[in-house]
Amino acid sequence: MMQKRKTIRKILIANRGEIVLRVIRTIKELGLLTVVAYEKLDKDAYFIRYAEEAIEIGEGPITDYLDIEKMIWAAKETGADAIHPGYGFLSENPDFAEACEKAGITFIGPPSWVLRYLSNKAAVRHMVEHSGVPTIPGTEPLSPGERGLMEAMRFGKKYDYPLMIKATAGGGGRGVRRIKNEMDLMKHLIYIRSQSRPLWDDGVFIEKCMDSVRHVEIPILADQHGNIIHLGSLDGSIQRRHQKLVEIAPANLSPGLLDALYWASIRAARAVGYVNAGSLEFLVNPETEEFWFMTFNRRLTVEHPATEELTNVDIVREQIRIAEGHRMRIPQERIKLSGKAIQVRINAEDPLRDFQPEGDKTVELYLPPGGPGIRLDGIVFQGYRIPAEYDPLLVKLTVRGYDWEQATSRLRKALDSFLLVGPHTTIPFYRAVCNEADFRNERMDTHYIMKHPEIFQYPSVADEAAKLESFFMEQYTAEFLPANWL
Amino acid sequence: MSSKTVTRKIRRILIANRGEIALRILRTAKEMGIESVVVYETPDSDAYYTRMAEEAVFIGNGPRKDYLDIDKMIRVAQKTGADAIHPGYGFLSENPDFAEACEKANLIFIGPPAGVIRDLGDKVMAREIALRSRIPILAGSHDLPVGDPGIETAVAFAQEHGYPIMIKATGGGGGRGIRRADSDKELVSQMRRARAEAKSSFKNDNVYIER
């Protein structure tokens, strides 16, 4: 069923942080109006200043960004005729998409029935397998009690350990545990069931754990007229606790393997009637050229800037045009993947203390890098107080270069001159990764962090940054910082 | 034609410029693992670009004249062990004497050879080169003779091609040393002014005209 062609005039962004700013930028380029719905703690945030309008929806934290009724109310109250859900929060929630549809508000994403279908992991696996793409061996959601335990153990005997236990309600790397053996399995299952946490309550399933594979993602764009294109690939192998730390576009794989991944993705998207932006994640063994489907993401990816830098496509712009009902004007042949793009997430976290978040600290000095091939997507400014209640992402740094060697030199140099004083950040950690031999030779897999504990042996402040810092602190201390800081 | 390519590895660059272009150049130098030396006059003592290089050398109170001092730049390069000079844009970047001085001092000038800069810096010569390469140019003259003969040539040109015409300093550049004339009367007064200006700004009082 096709939606009629409509012209969007005012978009409400139902999200927070850097993605809000990212989306606002393109909406403004298109000459459209923006509204941001925010929780009270975000009242002074940088990103809401860029919108024409901002409307407070509650005290939160987080609960109001997940409140469908409030978001619909906010849109109606401000006269928004469309909603962009960002990533995370309500972006993949079929009830939210449906509520928008019922309220006559254009949801900038897939139709609610597609979201509903794709939220059923078992159905998706069947559909993907049916279209000829292998999936990672796994169970259905485990039955309650002893039966479930038996199901899990039977799976373990058949496919061997290690295994992964995953929460059905999980996503984005959350709700995942690695299981070493049968004892571990029993221990984890019993523990999970004894807890009552929203993440695990919805049920769990078991999957085979693949070691030393690469994590590859294929972003796609589909319009309402059946046109589907892929936007190259991304390698997100370098992870910690299943959260991607570094994203590389494109993935370093053979053309044959990439083609197979592209076609598998487009086939799956077509089979399900997908519309708008999304991506498919696979685990890949580059040696045997085997790959297994993992997930179908139904929203803009966090790492979309790396894809945009590589392909020169403004994905948010395409999302809006697709939502308006236009035919996509980008044929597959026009997607040229030139060079390499690398994205890192600069979080307010201390990698030396197990990535402990640095909430409530203030950014005293902020002087980001610049020059060719450098892109920043962030919400930091000098004087910004980092809220402890939300995720610690400060700024995404994306560099683009001719090839791997140049892109990594550019990344290293950008991190060397990135001045962010106040909280601990992941900047020195990434600098250490840039200097590590395997990374420099583009050798990585999902166990990279485990294999390279030495990247945590970095000095707390690099020489270069220290030199710059002392100069700028002299300059700005008297004028810009409050007296009590001294 | 030589069949052998000789390359020289650059390890340290002196950036003979200031401001954003100095920063731009040193960013890429860093990426390539090349050291940078920057220079600064007194007003640039606190400039951002001076903090980002491996070495920053003070060259005088200026303003601007020290960034144009060829001898000083060569001396700084030699003292700091630079093996190459990047001139940026503006300042000495299109000065053939500077390029030549670098070549004589065995410093790699990151730009065209001195001879090419010299030829192209003479706008009449540049037009000649364009003509030879069959690149279309605006109708115009060669260097005009001084005094009345020059005026006569200009008036005749204007009669053939019509007004307005542009009087340009042959040794000019950067949009400077250009005057417009809309009539024979203006042509005479502007010509005089143009020559005087050319002489003081570019030390070369040659002018030519163009449509």
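Further up the page is the structure itself.
Every value quoted in this text rests on a predicted model; they were computed, and no experiment measured them. (Residues numbered from 1 in each chain as written. Chains lettered and ligands numbered in written order. Predicted model: local features only at pLDDT ≥ 70, side-chain atom pairs only at ≥ 80, totals over all residues. Heavy atoms only, no water.)

Asker: Please explain the pairing of strand S2 (residues 33-39) of chain A as it appears in this structure.
Answerer: Looking along a regular strand, one sees the side chains alternate between the two faces of the sheet. Residues and elements named next belong to chain A. Summarising burial for S2: 6 of the 7 residues are buried, a large majority. Pairing geometry for strand S1 (residues 10-13) and S2, over 4 bridges, is parallel. Pairing of Leu12 across the sheet is with Val35, part of S2. For the crossover that starts at S1, traverses helix H1 (residues 18-29) and ends in the parallel S2, the hand is right-handed. Looking at chain direction, S2 and strand S3 (residues 53-58) are connected through 5 bridges and run parallel. Residue pairing for S3: Val36 is matched across the bridge by Ala54. (Buried < 20%, exposed > 50% of the residue type's maximum accessible area, 1.4 Å probe, protein only. Helix = DSSP H or I, 4+ residues; strand = E, 2+ residues; numbered from the N terminus. Pairing = 2+ DSSP bridges. Right-handed = clockwise from strand over helix to strand, strands pointing away.)

Asker: I would appreciate a short explanation of the pairing of strand S22 (residues 393-401) of chain A in the present structure.
Answerer: Residue and element names in this part refer to chain A. Burial within S22 is extensive, with 8 of its 9 residues counted as buried. As defined by bridge partners, strand S17 (residues 340-347) adjoins S22 across 8 bridges and the pair is classed as antiparallel. Within S22, the position partnered with Asn347 by the bridge is Leu393. Pairing between strand S21 (residues 374-378) and S22: 5 bridges, direction antiparallel. Along S22, the bridge assignment pairs Ile374 with Val399.

Asker: Would you mind showing me how to read the pattern of salt bridges here?
Answerer: It is possible for side chains bearing opposite charge to pair when their charged atoms get close. All names here are of chain A. Summed over all chains, the structure comprises 52 salt bridges over all chains. Between Arg22 and Asp314 there is a salt bridge, and its shortest N-O distance comes to 2.8 Å. In this pair, Arg22 sits in helix H1 while Asp314 sits in the loop between helix H10 (304-311) and helix H11 (315-323), placing the two residues 292 residues apart along the sequence. Here Asp44 and Arg49 are joined by a salt bridge, their closest N and O atoms 3.7 Å apart. Look at Asp44 and you get exposed, because its relative accessible area is 55%. If you follow the salt bridges from partner to partner, you end up with Arg22, Glu308, Glu309, Asp314, Arg375, Asp377 and Arg400 in one network. (Salt bridge = Lys/Arg side-chain N within 4 Å of Asp/Glu carboxyl O.)

Asker: Help me out: how do you make sense of helix H2 (residues 68-78) of chain A in this one?
Answerer: Three- or four-residue spacings in an α-helix give side chains the same orientation, since the helix completes a turn every 3.6 residues. Residues and elements named next belong to chain A. Listing the buried residues of H2 in full gives Met71, Ile72, Ala74, Ala75 and Thr78. Here the buried residues of H2 occupy an arc of 155° about the axis, which is enough to place them on one side. Those residues of H2 that are exposed and angled more than 90 degrees off the buried face are Glu69, Lys76 and Glu77. Next to the buried residues of H2 lie S1, S2, S3, strand S4 (82-84) and helix H3 (94-102). The N-terminus of H2 is capped by Asp67, whose side-chain oxygen sits 3.2 Å from the backbone nitrogen of Glu69. Note on H2: the residue one or two positions beyond its end, Gly79, has a positive phi of about 75°. (Arc of directions from axis to C-beta. Contact = heavy atoms within 4.5 Å. Polar contact = N/O pair within 3.5 Å; in protein donor to acceptor, adjacent residues only side chain to side chain.)

Asker: So what exactly am I meant to see when it comes to unusual backbone geometry here?
Answerer: Apart from glycine, the bulk of residues carry a negative phi angle, and the bulk of peptide bonds sit in the trans form. Here Gly62(B) and Pro63(B) are connected by a cis peptide whose omega angle stands at -10°. Looking at the secondary structure, you find Pro63(B) in the loop between strand S3 (55-60) and helix H3 (70-79). Between Tyr163(B) and Pro164(B) the backbone carries a cis peptide bond, its omega angle lying at 0°. Even without being a glycine, Asp354(A) presents a positive backbone phi close to 55°. Topologically, Asp354(A) is positioned in the loop between strand S18 (349-350) and strand S19 (356-357). You can call Asp354(A) partly exposed: its relative accessible area is 49%. With a phi angle near 75°, Arg64(B) is a residue other than glycine that sits in the positive phi range. You can see Arg64(B) is positioned in the loop between S3 and H3.

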